[in-house]
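Below are the chains, spelled out letter by letter.
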Amino acid sequence: MDIYEPFQQVSMWGDSFKVEGGLNSIASPMLLVNTSMENKSEFIPHEPRDSSGADQETTNKDDSKVLRRLAQNREAARKSRLRKKAYVQQLETSRLKLMQLEIEIGRARKQGMYTGNALDTSFMGSSETINPGVVAFEIEYGNWVEEQHRWNEELRNAFQTNASEVQLHLVVQSVLNHYSDLFRMKADAAKADVLYLISGVWKTSLERLFLWIGGSRPSQLLNLILPQLEPLTDQQIASINKLRLSSQQAEDALSQGLDKLQQSLVQDMAVDPLTAANHGFQMAIALEKFEGLEGFVSQADHLRQQTLIHMSRILSTHQAARGLLALGEYFHRLRTLCSLWTSRPCDSIMSPKITP
Amino acid sequence: MNQESVMHYQVDPWNYYMMRVRRRRMEEEDEMERVMRIVSESAVVIFSSSSCCMCHAMKSLFCGMGVNTMVHELDQDSKGKQMEKTLMRLLATNSTTLPVVFIGGKLVGSMDTLLAFHVNGSLVPLLKQAGALWL
């Protein structure tokens, strides 16, 4: 590249110094520079012939001016080349990043119903701010949902084949363990980014309608599966009513605590127009509140898990199996309904309704 | 006096150390007695902090059940820090523990223990036994 440069410069200086293309490849830059400089010193007298003629001193001054301009031009050209190189490299890396993102989106779309809007850019961000804990949770949760589907199948099979009490108990225990896995995953995700977890973007949009502190309301799920558990003994009915009341009271208490946290966050962020500076201190206080958020998510998940465990103790194995199947089926239907909704044809929305 | 204690240290460091340990133990026992005295004064005693939101949640829980509680805001107590340390020792934990609840003078624990008791149905009988809840 450098070899060509001086020649370009030289050809700008005069038409008489025409160079064959072949010379460029063999001559070294230094040699070429010398040649061009020599030729220039021959050149110069031709141009300002009118002004100074063959005066030796003027020739030298003009020489140095010309040489300096040449050198500056070379520098500028070199810098421009480097800039261009850097720009091209940037383009290349961006292209690679884009390809990677497209692959990931394609993969996630295939998992379809489960991840929903999880690839919202506000959480993916640029590659420098991708949270590995969040990405790991996304992948693990996708797998968890698939396995949930398999356990639903297992439960259905067990009923259809009239499995023994022992076998049914094994399946029930496995499903309960599967839910424990979910709570463990959520705890890890909360440590990585509690706002991500509590917002529920990792669930489908329809599930998010029923969102309560990063998950479902235990009392709501209780009411859901209750009809599937008939017939129940009087003692069971009494226990379940007590359980429903306790979980409702606990939910209300946690909701009120969370409200207070929100209020205090709002107060922390309140800006006094007269003392606009020193918001760094406010930010520090606000950041501490996020730890409080983690505590609430932890207590909410703890409540969900305890309700699940206690419920399984109240019920017989057969009832527990029916309850867990009802629960799994409910979430599956929610996800299916959600994907139906998101894939509805847009024409039906866009076409104007003509009212007479 | 200074010289004496310095000489004491130089002469018998082990005794000096034991003296300090004994004094710290006595202080800790005093603190423990103080806490025990406070928790026996009411059926339900909550150690809380006025700025802590989980403490607010615990207070709301008892309120919602119609239970009167005695609340000690440790951040407004001059000896609050020491009491908090005593509670941490009682719960055998190194992290900040508030809120902590005692029912009938006996330690129940933090929010998660309380919720677990409530869900498995043992909280209400406990409250009735302590006289904090009537049918």
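Nothing here was measured: the structure is a model prediction, and the numbers come from that model.

Rules and cut-offs
- Residues numbered from 1 in each chain as written.
- Chains lettered and ligands numbered in written order.
- Predicted model: local features only at pLDDT ≥ 70, side-chain atom pairs only at ≥ 80, totals over all residues.
- Heavy atoms only, no water.
- Contact = heavy atoms within 4.5 Å.
- Buried area = accessible area lost by both parts, 1.4 Å probe.
- Salt bridge = Lys/Arg side-chain N within 4 Å of Asp/Glu carboxyl O.
- Polar contact = N/O pair within 3.5 Å; in protein donor to acceptor, adjacent residues only side chain to side chain.
- Helix = DSSP H or I, 4+ residues; strand = E, 2+ residues; numbered from the N terminus.
- Nonpolar A, V, L, I, M, F, W, Y, C, P; charged D, E, K, R; others polar.
- Pairing = 2+ DSSP bridges.
- Axes fitted to C-alpha atoms, helices over the stretch in contact; angles between N-to-C directions.
- Phe/Tyr/Trp six-rings, centres within 6.5 Å; stacked < 30°, edge-to-face > 60°.
- Buried < 20%, exposed > 50% of the residue type's maximum accessible area, 1.4 Å probe, protein only.
- Lys NZ or Arg CZ within 6 Å of the ring centre and 35° of its normal.

**Here's the deal with the interface of chain A and chain B**
For an interface, size is often stated in terms of accessible area lost upon the parts coming together. Counting from both sides, the interface comprises 18 residues of chain A and, opposite them, 18 residues of chain B. Buried area between chain A and chain B, summed over both chains or domains, comes out near 1,600 Å², and the portion from carbon and sulfur atoms is 71%. Of all residues in chain A, Q249, K260 and Q299 of chain A bury the most surface against chain B, accounting for 31% of the area lost on that side. Where chain A touches chain B, the interface holds zero salt bridges. Run the count over chain A and chain B and you get five residue pairs in polar contact (both at pLDDT 80 or more). For the side of chain A that touches chain B, the secondary structure elements donating two or more residues are α10 (234-269) and α11 (279-314) of chain A. The element best represented in the side of chain A that touches chain B is α10 of chain A, accounting for ten residues. Taken together, the residues of the side of chain A that touches chain B break down into seven nonpolar, ten polar and one charged.

**Quick word on the sheet that holds strand β3 (residues 100-103) of chain B**
Two strands in a sheet stick together by hydrogen bonds in their backbones, pointing the same way (parallel) or opposite ways (antiparallel). All names here are of chain B. The four strands lie next to each other as β2-β1-β3-β4, forming an open sheet whose pairing is mixed. The sheet is open, and its two edges are formed by β2 (70-73) and β4 (106-109), each paired on a single side. Strand-to-strand, the axes of this sheet are offset by a mean angle of 25°, without reference to chain direction. Looking at chain direction, β3 and β4 are connected through three bridges and run antiparallel. Opposite I103, over in β4, you have K106 as the bridge partner.

**Some points on the packing of aromatic side chains**
All names here are of chain A. Enumeration according to the criterion identifies nine aromatic pairs over all chains in this entry. Centroid distance F137 to Y196: 6.2 Å. Interplanar angle 85°. Geometry classified as edge-to-face. On the criterion of sequence distance, the pair formed by F137 in helix α6 (residues 132-160) and Y196 in helix α8 (residues 194-199) is long-range, its members being 59 residues apart. For the pair F137 and Y196, one class covers both residues: buried. Measuring from centroid to centroid gives 4.9 Å for Y141 and W202, while their planes differ by 85°, and the two rings are edge-to-face. Taken together, the residues Y141 in helix α6 and W202 in the loop between α8 and α9 (218-225) connect sequence positions 61 residues apart. Here W202 falls in the buried class, since its relative accessible area comes to 2%. Looking at R344, its charged tip hangs above the ring of W341, at a distance of 3.7 Å from the centre.

Coordinates in, geometry out; function isn't part of it.
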